[in-house]
Every structure is written in C-alpha cells, then in structure tokens.
Amino acid sequence: MAHEATHDQHDDHHHAPQGFFQRWVMSTNHKDIGTLYLIFSLTMFFIGGSFAMVIRAELFKPGLQLVQPYFFNEMTTMHALVMIFGAIMPAFVGLGNWMIPMMVGAPDMALPRMNNLSFWILPFAFALLLSTLFLPGGSQAGGWTMYPPLSLQSSSLAYTVFAIHLMGISSIMGAINIIATILNMRAPGMDLLKMPVFVWSWLITAFLLIAVMPVLAGAVTMLLTDKYFGTSFFNPHGGGDPVLYQHVFWFFGHPEVYIMILPAFGIISEVIPTFSRKPIFGYKAMVFAIASIAFLSFIVWAHHMFAVGLPMGAEIFFMYATMLIAVPTGVKVFNWVATMWGGSLSFETPMLFAIAFVILFTIGGFSGLMLALVPADFQYHDTYFVVAHFHYVLVTGAAFAIMSATYYWMPKWTGHMYNEFWGKVHFWCSVVFVNVLFFPQHFLGLAGMPRRIPDYNVAFADFNMISSIGGFLFGASQLIFLGVIVHCAFFSKKKATDRVWEGARGLEWTLSSPPPHHSFTVPPVVHDEELAHGHVND
Amino acid sequence: MTSGSIRTDGTGPDGHRIRDGRSSRGGMAGIRRAVVASTAIVLALCAGLAQADPHPWQLNMGRGATTWSGEPYFLNNVALGVCVVIGVLVFGAMFIAMFRFRKSRGAVAEKWSHNTMVEIIWTTIPVIILMTLAWLATDGMRTFYDTTGSQMTVKVTGYQWKWRYDYVDYLGKPVSKVGYMSKLDALSDKTRQLDSGLDPYAVKTGDENTYLLNVDKPLVLPIHTKIRFVITSEDVIHSWWMPSFGWKMDAIPGIINSAWTNINAAGTYRGQCAELCGQDHGFMPIVVKAVSKEDFAKWLAAQEQANAPAPAAPAAAATAAAPATAQVVAPDAGGHG
C-alpha cells in the first residue's frame with residue numbers, strides 16, 4: 001500500500017497540470033512560477049522600453065516636438081519604476097525560482113504557495129501603477145525617487161504608493177522563500193561554501209530585500225499620510241524635513257541598486273567559468289566580496305545626497321565608505337579576468353554577454369568612483385553623467401547579465417537550443433547600440449546638461465541626437481531577443497543535451513533538458529568535482 | 001552694455017582662464033603635478049577649447065571661472081585618468097586572455113583557481129589609489145565648506161519655476177530692497193512651447209545660442225569678491241547649479257543652505273536648475289553676469305535708489321511671477337544693467 005501511494009505521487013510529480021488556468025494561475029511549481037516571472041519581466045522590459053523610446057524621441061533634437069513637459073516627466077518616472085521593479089527585479093526572482101532549487105538539489109522552493117502569491121501580486125501591482133497614466137492628472141511625475149514636496153503635488157500618489165506596497169510585499173515574500181529554500185532544502189553534501197556563486201548572490205540579495213523593502217514602504221507611507229492625513233513628516237510648515245525623506249529613501253535605495261546587481265554578479269560567475277572551462281578564480285573571495293558589498297551598501301546612502309547641504313563630516317564619511325566599495329567590486333572584476341586567464345575559451349552568446357558585462361559594468365563602476373568624489377559630484381550630481389553611470393551598471397550590467405543567463409539556461413528550460421546566429425546578432429547589435437546610446441551621455445553631463453529635462457540648449461544637440469539614434473536601434477535590437485526566445489521555446493528543432501555546454505558544471509546540468517516538472521524529488525548525491533566552482537578547498 | 005560686448009567679455013577671459021588654470025596647477029604639490037601630467041593627453045583633447053560652456057561637442061567638464069571651480073575640474077581629470085589607466089590594464093588583460101586562450105586555437109584549460117599573492121596585490125593597490133583620491137577630494141571639501149570671510153551675501157530662493165535673488169549685504173553694509181525674480185527669457189519661452197514652429201537655433205544673444213539658458217534678469221555679481229549664497233526654496237526642492245562656479249546646492253523649503261564663490265573674470269555665466277521640480281524644471285535657467293567691483297557698486301546703488309522710494313518696483317517683480325507673459329526687459333539682453 002505504502003509503496004503504491006508513493007508510486008502514485010511519483011507519477012503526479014512528472015506531469016504538469018493539464019488545464020491552462022490550473023497550470024499557470026494556480027501553479028506552485030518553481031519552474032512554472034519562474035517562467036511566469038520571466039515572461040512578466042520581459043513584458044515590463046518592453047513597456048518600460050517604450051517609455052524610454054518616448055524620452056529619446058523627445059530628446060532627439062532641441063525644441064518640444066512630441067510631448068508636453070509634464071508627460072515627459074511621467075515617462076522618466078514610469079520608465080524607472082517599471083524597469084527597476086517590473087523588469088530587472090522580477091527577472092532575477094524568475095531566474096532564482098527556476099535555478100536555485102535545481103542548483104542546490106531541492107525538489108521545489110520551500111514555500112510553494114507563497115511563491116504563487118508573490119508572483120501573482122505583481123501583475124496587479126503593475127496594472128495599478130500603469131493605470132495612473134490614464135488617470136486625470138496623470139501618473140506620478142516626480143521621478144522614481146518621489147522626493148517630497150514635489151511628489152505630494154501628484155494626484156495619483158495614492159495609487160503609486162499602493163502599487164509600491166504591493167511590489168514590496170511580493171519582493172519580501174520572494175526573498176523569504178529564497179532564504180528558506182537555500183538554508184533548508186539543500187541536498188546533503190551541498191555545504192554553504194559549495195553552493196554556486198549565483199545561489200550565494202541570491203541568498204545575500206534576499207537578506208538585503210528583507211532589510212530594505214519595509215524601509216521603502218515606510219517612506220512612501222509617510223508620503224501618503226503627509227498628503228492625505230495631515231501629518232508633517234516632510235512638510236517644513238509643520239516642522240517636518242524634506243531631507244528626511246531622502247535619507248529614508250536612500251537607505252532603501254542604495255541597497256536596492258545592489259539588489260539589482262548582486263544576482264548579476266552571480267550569473268556572470270556561473271557563465272564565465274563554463275565557457276572558460278576552468279573553475280572560478282577565488283571562489284571564497286567572490287562570496288566574501290558579495291557579502292562585503294552588501295554590508296557596505298547600508299552605509300553609503302547619502303552619496304545620493306551630496307548636494308542637499310550635509311555637514312562636511314557626513315559627506316566625508318559617505319565619500320570614504322562609497323570609495324571602499326570599489327575594492328570588493330574590483331576583486332570581483334579581477335577574479336573574472338583571472339578565471340578567463342589560462343582557460344579554454346569559446347564565445348557562445350551567453351559568454352559574449354558576460355564579457356560585455358565585465359567590461360561595460362566596469363566602465364559604470366569607474367564613473368561610480370568618479371561620482372563618489374564629493375567636490376566632483378557637486379558638478380556631476382543630477383546631470384546626464386549620472387544617467388550614463390547608472391545605465392551602464394543597470395543596462396549593460398544587470399540587463400546584460402539577465403540576457404546572458406537567458407541564453408545560458410534557456411536550452412535547459414525548453415529542451416531546445418536557441419538559434420546561435422540570431423543570438424549573436426542580438427548581442428552585437430545590443431553591445432554596439434547600447435554604447436552609442438549611453439556613452440555620449442557622459443559628455444552631455446560633463447558639459448552641463450541636467451537630467452530629467454525634456455528640452456535643452458543647442459550645445460547639447462549633437463550628442464543627444466547620437467544618443468537617441470543609439471536608443472532607437474538598441475530598442476529595436478531587443479525585438480531580436482524576443483524572436484530568439486519565441487523561436488527557442490516553440491519552434492526550435494535542435495534538441496539540447498542534458499549538459500548543454502561542454503564546460504557546464506553544477507547540479508542543474510545533471511537533469512534532463514527540459515527537466516522533469518518535479519526534479520530532485522530524491523536528493524541527488526553531490527560530487528565535489530561536479531560543482532561549478534571546482535576546488536572547494538581553496 | 002550691449003549684448004555684443006557681453007559676449008566678448010565672456011568668451012575672451014574664458015580662454016585665458018583655461019591656460020591660467022593649467023599653469024597654476026603646475027605649481028601645486030608634487031603628487032598633483034604627477035597626476036596632472038599623466039592626464040595631459042585627456043586635458044589637451046577635452047579642455048583645450050577656449051569656448052564658453054556649454055559648447056557643441058563639449059567632451060569634458062569646464063575649468064570654471066572661480067577661485068574654487070578648479071577643484072572639481074582637477075578631481076574629475078585625475079579620477080578620469082586613474083580610471084583610464086586601470087581600464088587599459090584590466091581590459092587589456094581580458095583581451096589578451098580572449099586571444100591567447102581560445103579553445104579554437106587549441107588552448108587547454110588549466111586547473112588552478114586560487115593565488116593568494118595575486119589577490120593580496122590587487123586588493124592593496126586599489127586601496128592605495130583610493131586613499132590618494134580620497135585625500136585630494138577631502139582637500140577640496142575643506143575649502144568648499146569655508147564660507148567665512150565673505151564680503152557679500154546673496155539669498156537665492158527657488159520657486160516653481162523661477163529664481164529669486166535678494167541682495168542681503170555688500171562689503172559689510174546691509175543692502176535694502178534689492179531683489180527680483182529671474183525667469184526664462186521670453187524668446188526661449190515662446191520657442192520652447194510644443195509645436196511652436198520656432199527654431200531653437202534662432203534663439204541667440206549676439207552670436208551665442210542662449211536657448212533655454214537665458215533669463216529676463218540675471219544675477220549681477222562683482223568679481224574678485226567672496227560671495228556667500230544662502231539658498232532656500234518656497235515650494236519644492238530645486239537645485240541652484242552654476243557649472244562655472246563648480247558646484248550646485250539644493251534649494252530646499254524650510255532649510256537654508258550656504259555656499260560661496262569668488263569669480264575670477266567678468267562675463268556671463270549660464271546654468272540651470274538641477275533638481276526635478278515639476279513640469280517646467282527644464283525651463284528655469286540661471287544666468288550670472290559678473291562685472292567689475294566698480295560697475296557692481298554703481299549698479300547696486302542704482303538699484304537701491306530705484307527701489308527705495310518707488311512702490312512700483314516690487315510690482316514689476318510680482319508680474320514676473322506669471323510665466324509666458326510680456327517681458328518688461330528686452331528679452332535678448334544677455335545682461336541687465
């Protein structure tokens with residue numbers, strides 16, 4: 001009897017539910033929910049991207065040709081909110097959902113029903129957020145940072161705040177789930193210091209999320225009560241302080257930007273060893289560097305506020321702390337280069353994106369170092385130099401890592417190879433046009449163009465036009481990405497092997513491609529030589 | 001003063017400023033000389049242009065026009081030089097690896113994944129570089145925060161979407177009732193309307209295009225004078241940014257920030273609001289007209305005289321509150337006075 005019961009369950013586990021509603025809406029399966037997250041993220045990537053196209057079209061030449069200034073501000077605000085909370089973060093959660101259980105040898109996420117809830121909150125949160133564009137008075141137009149008193153002038157503040165609350169709840173639940181999975185569900189022998197770096201990066205990121213999302217919720221709730229319930233947290237007429245908001249916001253905001261880059265570090269630390277056919281250099285240093293960056297992220301927030309008139313002692317502290325981040329970040333970059341050194345390199349699409357990540361993210365890091373220097377930041381602050389900086393770390397950093405991960409694991413997910421030719425076309429278009437798009441923005445900022453302006457003096461015209469052309473072409477290139485994904489998921493005839501990549505190491509590659517609906521129902525036996533980073537005793 | 005002569009005043013000394021700035025840097029501490037030398041190529045490429053900022057195809061930060069504005073410029077160049085050198089080394093190593101260790105060239109992967117000595121070296125060297133940069137930056141901050149010994153005080157107030165300038169004191173004496181609104185000039189304002197059909201390239205003050213960088217009444221300041229600014233706002237947060245002064249400072253309601261400048265050369269300097277402050281954030285420029293001490297004293301006396309008995313003068317400031325209305329002052333006047 002017992003045996004029969006087990007057998008029935010076993011059968012259940014290998015088949016996805018048949019009905020569409022049953023399978024996708026009621027799913028508790030980490031792979032299906034991961035897929036949902038990734039589809040959602042891709043959708044938001046295109047929605048947020050279309051806002052960016054509006055921005056770049058208006059900035060194509062001096063004079064206002066397309067939109068009113070207020071709508072332009074709505075676009076910059078919504079572009080940021082959608083890309084940060086809708087595209088980048090859900091993409092990482094989706095990748096974590098798909099890969100973490102398979103990488104640590106767990107059958108599923110620790111809390112499958114919460115997993116379902118944390119995903120299904122998101123479409124509602126974003127429907128709410130995006131609906132504000134159609135409300136009378138328009139959406140929030142005070143920038144994604146929503147500094148008061150300006151943000152309090154928006155008539156749709158309550159919608160935005162509630163949407164952010166929902167996103168925060170979703171993120172916190174996702175983070176709890178990931179921590180619970182990693183700490184409790186690892187296969188025997190998968191010690192913490194044997195985990196793939198991607199899993200490590202997510203473990204640390206999840207703690208960051210739990211630490212800071214409530215802070216954001218608090219900040220925006222105070223905005224809400226200031227606007228509707230007569231409080232004066234940020235209202236100087238009632239004894240409040242507008243700068244207090246900025247402190248609270250950036251106490252969330254700075255860890256938040258690392259939330260968007262640490263999992264990217266993890267991805268790159270998987271991809272580069274695979275295509276170098278060589279274990280990652282300095283595994284423990286890599287893990288320690290991620291942990292150091294995460295710690296430092298809590299004590300650097302005021303470097304976003306160097307122009308608010310902080311006392312000199314505070315500025316010096318935040319400058320030194322910020323500069324310190326360059327050390328562990330540098331260690332990571334050096335270790336990736338050292339991983340490639342002496343390897344046996346091949347350049348499939350995931351590796352191309354990973355190499356572009358290392359180079360272009362480092363350029364973003366360089367401008368970050370320049371921004372950390374307070375007297376220079378008095379000039380850089382709130383200019384296009386900053387815009388160039390954070391797009392180098394978020395587009396060629398986070399987004400390129402997500403693209404790398406997509407090409408890297410898509411054959412595992414679908415069981416079919418993507419089209420390598422079109423993958424490479426996508427890569428080369430992206431990497432060329434993204435630089436045409438963002439590199440000239442450094443010059444614009446240095447020449448004195450403030451950010452978040454819909455129109456500008458003719459002195460800024462040339463580089464803005466170049467940047468816009470790059471923007472349109474970069475945007476169009478992403479349609480290739482969509483095409484490659486759709487082709488791979490539905491039309492590709494080329495079967496993927498279990499290992500997919502010659503140099504791939506780690507438990508996820510021991511499963512079939514695609515993996516069974518429920519994998520590792522029996523914990524796998526971990527062989528140290530199978531692990532992605534190789535020699536764990538180093 | 002005609003607009004033509006203002007422009008000559010502005011661009012003429014600008015070229016000298018750049019050359020002066022570079023030679024005076026040469027006399028500073030040895031470490032500075034060394035890093036300046038290492039960035040000489042970048043300087044020659046990006047900063048050797050003797051044009052008013054911003055100018056088309058401008059690649060680098062300007063040297064600025066005040067006693068302090070060289071600090072951010074210098075730090076910018078040093079940090080850029082450091083980044084370029086590190087970038088060449090790291091990316092160079094990467095490209096060598098990509099060509100030497102290709103599988104298609106028969107490269108066989110080695111097994112090592114650890115080297116303590118190398119890791120110590122590439123942790124220590126960045127720390128030393130960072131300490132150098134931090135020392136230079138801290139030096140620049142010490143001087144920035146020292147607003148003592150100022151000979152003049154100007155109060156700057158941000159409004160949606162214009163600036164107000166009030167002269168508080170000059171050479172130890174209080175200034176009475178000299179203050180006015182300063183907002184986007186009428187021609188820029190007309191041109192910048194959606195589908196205005198007007199050409200931004202046609203918005204000129206003399207030969208200089210001043211589209212969105214011109215105001216009806218500029219802030220008039222004396223040169224060679226340590227001027228303290230007290231900066232605040234009446235509604236939302238703005239940021240008063242004059243690139244030629246080398247800094248921006250947020251204008252925050254309920255808070256009074258301070259900063260200082262000491263302008264080296266007469267001329268017209270242009271900047272913009274740098275903190276998103278609503279729909280017309282891009283349309284509240286800042287123009288400073290720096291004049292000699294003698295001219296400034298005359299101008300200030302004339303203003304005080306004009307404002308003291310006549311009740312009509314504050315009314316002129318009040319009309320400035322309504323945007324896009326007829327201008328009292330000639331719109332193409334790059335300077336006032």
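Scoring rules and cut-offs
- Residues numbered from 1 in each chain as written.
- Chains lettered and ligands numbered in written order.
- Predicted model: local features only at pLDDT ≥ 70, side-chain atom pairs only at ≥ 80, totals over all residues.
- Helix = DSSP H or I, 4+ residues; strand = E, 2+ residues; numbered from the N terminus.
- Rg over C-alpha atoms; globule rule 2.2 N^0.38 Å.
- Buried ≥ 20, exposed ≤ 12 C-beta atoms within 10 Å, placed from the backbone.
- Contact = placed C-beta atoms within 7 Å.
- pLDDT = per-residue confidence, 0-100.
- Nonpolar A, V, L, I, M, F, W, Y, C, P; charged D, E, K, R; others polar.
- Core = buried A, V, L, I, M, F, W, Y, C linked by C-beta atoms within 7 Å.
- Pairing = 2+ DSSP bridges.
- Axes fitted to C-alpha atoms, helices over the stretch in contact; angles between N-to-C directions.
- Expected span 1.5 Å × (residues − 1).
- Bend = angle between axes of the 7 residues up to and from the residue.
- Parallel < 35°, antiparallel > 145°, perpendicular 65-115°, else oblique.
- Left-handed = near helix turned anticlockwise from the far one by under 90°.

## Here we look at the overall build of chain A
On a plain count of helices and strands, chain A comes out with 17 helices and zero strands. Since a compact globule built from 538 residues should have a radius of gyration of about 24 Å, the 23 Å found for chain A is in line with a globular shape. Summarising its shape, the C-alpha atoms of chain A cover approximately 75 × 50 × 45 Å along the three principal directions. Within chain A, the fraction of its 538 residues that count as buried is 62%. Within chain A, contacts between residues at least 6 apart in sequence are counted, and of these 83% link residues at least 24 apart.

## Points about the overall build of chain B
When helices and strands are tallied, chain B shows eight helices and 13 strands. Counting over 337 residues, chain B shows a buried share of 44%. Intrachain contacts of chain B at a sequence separation of at least 6 include 71% that bridge at least 24 residues.

## A word on the confidence of the model for chain B
Residues and elements named next belong to chain B. Per-residue confidence for chain B gives a mean pLDDT of 82, with 76% of residues at or over 70. The model gives residues 1–28 a pLDDT under 50, and that stretch makes 45 contacts with residues more than four places away or in other chains. Listed scores for the predicted complex are pTM 0.89 and ipTM 0.91.

## A look at the interface of chain A and chain B
Each partner contributes to the interface: chain A provides 81 residues, whereas chain B provides 82 residues. Of all the elements in the fold, those that place two or more residues in the side of chain A that touches chain B are α4 (69–104), α8 (242–259), α10 (283–296), α11 (312–324), α12 (326–340), α13 (349–372), α14 (374–380) and α16 (420–447) of chain A. Broken down by element, the side of chain A that touches chain B gets its largest block of residues, eight residues, from α12 of chain A. Of the residues contributing to the side of chain A that touches chain B, the split by class is 51 nonpolar, 21 polar and nine charged.

## Thoughts on the nonpolar core
Soluble globular proteins tend to bury their nonpolar side chains together. If you look at the biggest cluster of nonpolar residues, it comprises 258 residues, and the most contacted ones within it are Ile 88, Val 199, Ile 268, Ile 290, Phe 357 and Leu 373 of chain A together with Ala 79 of chain B. Here Ile 290 of chain A is in contact with Trp 200, Ser 201, Ile 204, Leu 262 and Phe 265 of chain A, once residues within four sequence places are set aside.

## Looking at the pairing of strand β10 (residues 247–251) of chain B
All names here are of chain B. Judged by how many residues are buried, β10 sits mostly within the fold: five of five residues are covered. As paired strands, strand β9 (residues 238–242) and β10 are joined by five bridges and run antiparallel to one another. Following the sheet pairing, Trp 241 is matched in β10 by Lys 248. Taking the residues between adjacent antiparallel strands as the criterion, β9 and β10 are bridged by four residues, where Gly 246 takes a positive phi near 90 degrees.

## A short note on the sheet that holds strand β7 (residues 219–222) of chain B
Strand pairs in the sheet, formed through backbone hydrogen bonds, run parallel or antiparallel to each other. Residues and elements named next belong to chain B. The five strands are arranged β7-β13-β12-β9-β10 in an open sheet whose pairing can be described as mixed. What marks the edges here is a single partner per strand, and that holds for β7 and β10. Each strand of the sheet is rotated relative to its neighbour by a mean of 25 degrees, with strand direction disregarded. Set on the sheet, helix α7 (residues 293–307) makes contact with β7 and β13 (285–291); between it and β7 the angle comes to about 135 degrees.

## A short note on α16 of chain A
All names here are of chain A. For α16, with 28 residues, the first-to-last C-alpha span of 41 Å sits near the 40 Å given by 1.5 Å per residue. Val 436 marks the point of greatest bend in α16, at about 25 degrees, and the proline Pro 440 comes within the next four residues. A positive backbone phi angle near 115 degrees is found at Gly 448, which sits one or two residues after α16.

## What about the pairing of strand β2 (residues 162–170) of chain B?
Residue and element names in this part refer to chain B. Bridging between strand β1 (residues 152–159) and β2 involves eight bridges; their strand directions are antiparallel. From the neighbouring strand, Gly 158 faces β2, where its bridge partner is Trp 163. Between β1 and β2, which pair antiparallel and follow one another directly, the connecting turn spans two residues. Bridging between β2 and strand β4 (residues 179–182) involves four bridges; their strand directions are antiparallel. Residue pairing in the sheet places Tyr 165 in a bridge with Tyr 180 of β4. Remark: two residues form the turn of the hairpin made by β2 and strand β3 (residues 173–174), two consecutive strands paired antiparallel; Leu 171 in that turn has positive phi of roughly 50 degrees.

## Brief notes about unusual backbone geometry
Here the amide bond leading from Pro 148 of chain A into Pro 149 of chain A is cis, since omega sits at 0 degrees, within 30 degrees of zero. Relative to the helices and strands, Pro 149 of chain A resides in the loop between α5 (112–131) and α6 (157–184). Gln 160 of chain B connects to Trp 161 of chain B through a cis peptide bond whose omega is 0 degrees. Relative to the elements of secondary structure, Trp 161 of chain B occurs in the loop between β1 and β2.

## Thoughts on the confidence of the model for chain A
Here chain A averages 94 in pLDDT, while 96% of its residues score no lower than 70. Of the regions scoring below 50 in pLDDT, residues 1–13 of chain A engages in three contacts with residues more than four places distant in sequence or in other chains.

## Examining α5 of chain A
The end-to-end C-alpha separation of α5 of chain A is 30 Å, in line with the 28 Å expected for 20 residues at 1.5 Å each. Its buried side turned inward, α5 of chain A meets α3 (30–58), α4 and α6 of chain A.

## A look at the environment of Phe 162 of chain A
Within the secondary structure, Phe 162 of chain A sits in helix α6. Considering only alpha carbons, one finds Phe 162 of chain A and Val 220 of chain A, 58 residues apart in sequence, at a separation of 8.8 Å.

## Points about the environment of Pro 149 of chain A
A tally of 25 C-beta atoms within 10 Å means that Pro 149 of chain A is categorised as buried. Residues Pro 149 of chain A and Ala 125 of chain A lie 24 residues apart in sequence; the distance between their C-alpha atoms is 24 Å. When neighbours within four sequence positions are excluded, Pro 149 of chain A is seen to be in contact with Phe 234 and Pro 242 of chain A together with Asp 235, Val 236 and Pro 253 of chain B.

## Some remarks on the packing of helix α4 (residues 70–100) of chain B against helix α5 (residues 116–144) of chain B
Residue and element names in this part refer to chain B. The interhelical angle for the contact between α4 and α5, taken along N-to-C directions, is 170 degrees, at an axis separation of 10 Å. In terms of orientation, α4 and α5 fall into the roughly antiparallel class. On the side of α4, the interface is formed by Glu 71, Leu 75, Val 78, Ala 79 and Val 82, while α5 contributes Ile 129, Leu 133, Leu 136, Ala 137, Gly 140 and Thr 143. The class makeup of the residues in the contact of α4 with α5 is eight nonpolar, two polar and one charged.

## So, the packing of α4 of chain A against helix α7 (residues 197–228) of chain A
All names here are of chain A. Interaxial distance between α4 and α7 falls to 10 Å at its minimum, and their mutual angle equals 120 degrees. By the angle between their axes, α4 is oblique relative to α7. Relative to α7, α4 is oriented so that their crossing is left-handed. For the pair α4 and α7, contact is made by Gly 96, Met 99, Ile 100, Met 103 and Val 104 and by Phe 198, Val 199 and Trp 202, respectively. Among the residues making up the contact of α4 with α7, the classes are represented as seven nonpolar, one polar and no charged.

## Some thoughts on the environment of Asn 76 of chain B
Locating Asn 76 of chain B in the fold gives a position in helix α4. Separated by 16 residues in sequence, Asn 76 of chain B and Asn 60 of chain B place their C-alpha atoms 8.9 Å apart. If near-sequence neighbours (up to four positions away) are discounted, Asn 76 of chain B is found in contact with Met 370, Ala 376 and Gln 379 of chain A together with Met 61 of chain B.

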